Amino acid sequence: AQKVTQAQTEISVVEKEDVTLDCVYETRDTTYYLFWYKQPPSGELVFLIRRNSFDEQNEISGRYSWNFQKSTSSFNFTITASQVVDSAVYFCALSGDSGYALNFGKGTSLLVTP
Amino acid sequence: DGGITQSPKYLFRKEGQNVTLSCEQNLNHDAMYWYRQDPGQGLRLIYYSQIVNDFQKGDIAEGYSVSREKKESFPLTVTSAQKNPTAFYLCASSIARGVSYEQYFGPGTRLTVT
């Protein structure tokens, strides 16, 4: 079975603070894929990143960075110098050869205040 | 503009009525998906379709039905057999079958049944 755990239900930070959203996953698949999505108040999920299980290289995209560690089964997401527009619910998701679609965590609601 | 459209954004129905949610994509994607989102929860898969005229049940298919007669369209019918139909419904698509591809989401339909 596949499972994604996002232990942080809600996080509140002040603008310009750095914030890390945690994601821990469980899978028995050798090949699997991890994703992060952003859901702003409008409701539509926005794709942020995909990482496959063979690529542990960290990635940076502007103020966003992702840290993938197979040893701890984690795929954490850091926003540097947060902005009010970053306020949203962020979902981590997992897919693998034993499944057919995405398995989502319950999401972390991030509130960035001015 | 390429994308996924869902209509309507808000839908209200009386208990006991069937209702059909629309999902159309012009991304030329083969695979399409329906998810349900409840407050404070992640997304749960209802149905998915990898090719035209073929679809499979997801984790919570009871009380729902779908069709895939055209590549662009994947309507979801919420039947009166669905015990708790009030939820936010999200349609998604991916370029091809297979778990490695990211899914792109529509804006969602918020269904309220009273």
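For the structure itself, look to the data block above.
Here goes a summary of the coordinates provided. (Residues numbered from 1 in each chain as written. Chains lettered and ligands numbered in written order. Predicted model: local features only at pLDDT ≥ 70, side-chain atom pairs only at ≥ 80, totals over all residues. Heavy atoms only, no water.)

1. Side note on the overall build of chain A
Within chain A, the secondary structure is distributed over 0 helices and 12 strands. When the helices and strands of chain A are placed in sequence order, the string is β-β-β-β-β-β-β-β-β-β-β-β. Expected size for 114 residues packed as a compact globule is a radius of gyration near 13 Å; at 14 Å, chain A falls within 12% of this value. On the principal axes, the C-alpha backbone points of chain A span a range of 45 × 25 × 20 Å. Residues classed as buried in chain A amount to 46% of the 114 residues present. In chain A, of all internal contacts separated by at least 6 residues, the share reaching a separation of at least 24 is 56%. As displayed, chain A offers around 5,500 Å² of accessible surface, 48% of which is attributable to carbon and sulfur atoms. Here chain A holds 9 positive side-chain charges and 13 negative ones, and the gap between their average locations is 3 Å. (Helix = DSSP H or I, 4+ residues; strand = E, 2+ residues; numbered from the N terminus. Rg over C-alpha atoms; globule rule 2.2 N^0.38 Å. Buried < 20%, exposed > 50% of the residue type's maximum accessible area, 1.4 Å probe, protein only. Contact = heavy atoms within 4.5 Å. Areas by Shrake-Rupley, 256 points an atom, 1.4 Å probe, with all protein chains shown as cover. Lys, Arg positive; Asp, Glu negative; His and termini not counted. Charge placed at Lys NZ, Arg CZ, Asp CG, Glu CD.)

2. A short note on the environment of B:A31
Within the secondary structure, B:A31 is located in strand β4 (residues 31-37). On a C-alpha basis, the gap between B:A31 and B:Y101 in space is 9.8 Å, while along the polypeptide they are 70 residues apart.

3. Brief notes about the side chain of B:Q25
Residue and element names in this part refer to chain B. Among the secondary structure elements, Q25 is positioned in strand β3 (residues 19-25). Judged by its relative accessible area of 3%, Q25 is buried. A polar contact of 3.2 Å, which involves the side chain of Q25, links it to the backbone nitrogen of N28. Reaching out from Q25, the side chain makes a polar contact with the backbone oxygen of H29 at a distance of 2.8 Å. For Q25, the residues in contact, after removing those within four places along its chain, are G3, I4, M32, R68, K71, E72 and S93. (Polar contact = N/O pair within 3.5 Å; in protein donor to acceptor, adjacent residues only side chain to side chain.)

4. Quick look at the sheet that holds β3(B)
Residue and element names in this part refer to chain B. Judged by pairing direction, the sheet is antiparallel, and its 4 strands sit side by side in the order β1-β3-β8-β7 without closing on themselves. Looking along the sheet, the strands with just one partner apiece sit at the ends: β1 (4-7) and β7 (64-66). When the angles between neighbouring strand axes are averaged without regard to direction, this sheet yields 20°. As defined by bridge partners, β1 adjoins β3 across 4 bridges and the pair is classed as antiparallel. Counterpart to T5 in the pairing with β3 is E24. (Pairing = 2+ DSSP bridges. Axes fitted to C-alpha atoms, helices over the stretch in contact; angles between N-to-C directions.)

5. Considerations on the state of the cysteines
Residue and element names in this part refer to chain B. In this structure the tally under the stated criterion is 2 disulfides over all chains. Note on cysteine connectivity: C23 is disulfide-linked to C91, with sulfurs 1.8 Å apart. On the sign convention where negative is left-handed, the bridge of C23 and C91, at about -70° about the S-S bond, is left-handed. Of this pair, C23 sits in strand β3 while C91 is found in strand β9 (residues 87-94), placing the two residues 68 residues apart along the sequence. For the pair C23 and C91, a shared accessibility class is recorded, and that class is buried. (Disulfide = S-S within 2.5 Å.)

6. Side note on the interface of chain B and chain A
Taken residue by residue, the interface counts 24 residues in chain B and 21 residues in chain A. Buried surface at the junction of chain B and chain A, summed over both partners, amounts to about 1,800 Å²; 57% is from carbon and sulfur atoms. Our count for the chain B to chain A interface comes out at 1 salt bridge. Residue B:E102 pairs with A:R50 through a salt bridge whose shortest N-O separation is 3.1 Å. Our count for the chain B to chain A interface comes out at 4 residue pairs in polar contact (both at pLDDT 80 or more). Taken together, the elements giving at least two residues each to the side of chain B that touches chain A come down to β4, β5 (43-51), β9 and β10 (104-105) of chain B. Classifying every residue of the side of chain B that touches chain A gives 12 nonpolar, 8 polar and 4 charged. (Buried area = accessible area lost by both parts, 1.4 Å probe. Salt bridge = Lys/Arg side-chain N within 4 Å of Asp/Glu carboxyl O. Nonpolar A, V, L, I, M, F, W, Y, C, P; charged D, E, K, R; others polar.)

7. Looking at the nonpolar core
The biggest cluster of nonpolar side chains holds 23 residues, and the ones touching the most others in it are A:W36, A:F77, A:Y90 and A:L110. Every element with two or more residues in this core is listed here: β2 (10-14), β3 (19-21), β5 (32-39), β8 (64-69), β9 (74-79), β10 (88-96) and β12 (108-113) of chain A. By residue number, the principal contributor to this core is β10(A), which donates 4 residues. Setting aside chain neighbours within four positions, we find A:F77 in contact with A:V19, A:T20, A:L21, A:W36, A:L48, A:Y64, A:S65, A:W66 and A:Y90. Core analysis: the second largest hydrophobic core is formed by 20 residues, B:L21, B:M32, B:Y64 and B:C91 among them. (Core = buried A, V, L, I, M, F, W, Y, C linked by side-chain atoms within 4.5 Å.)

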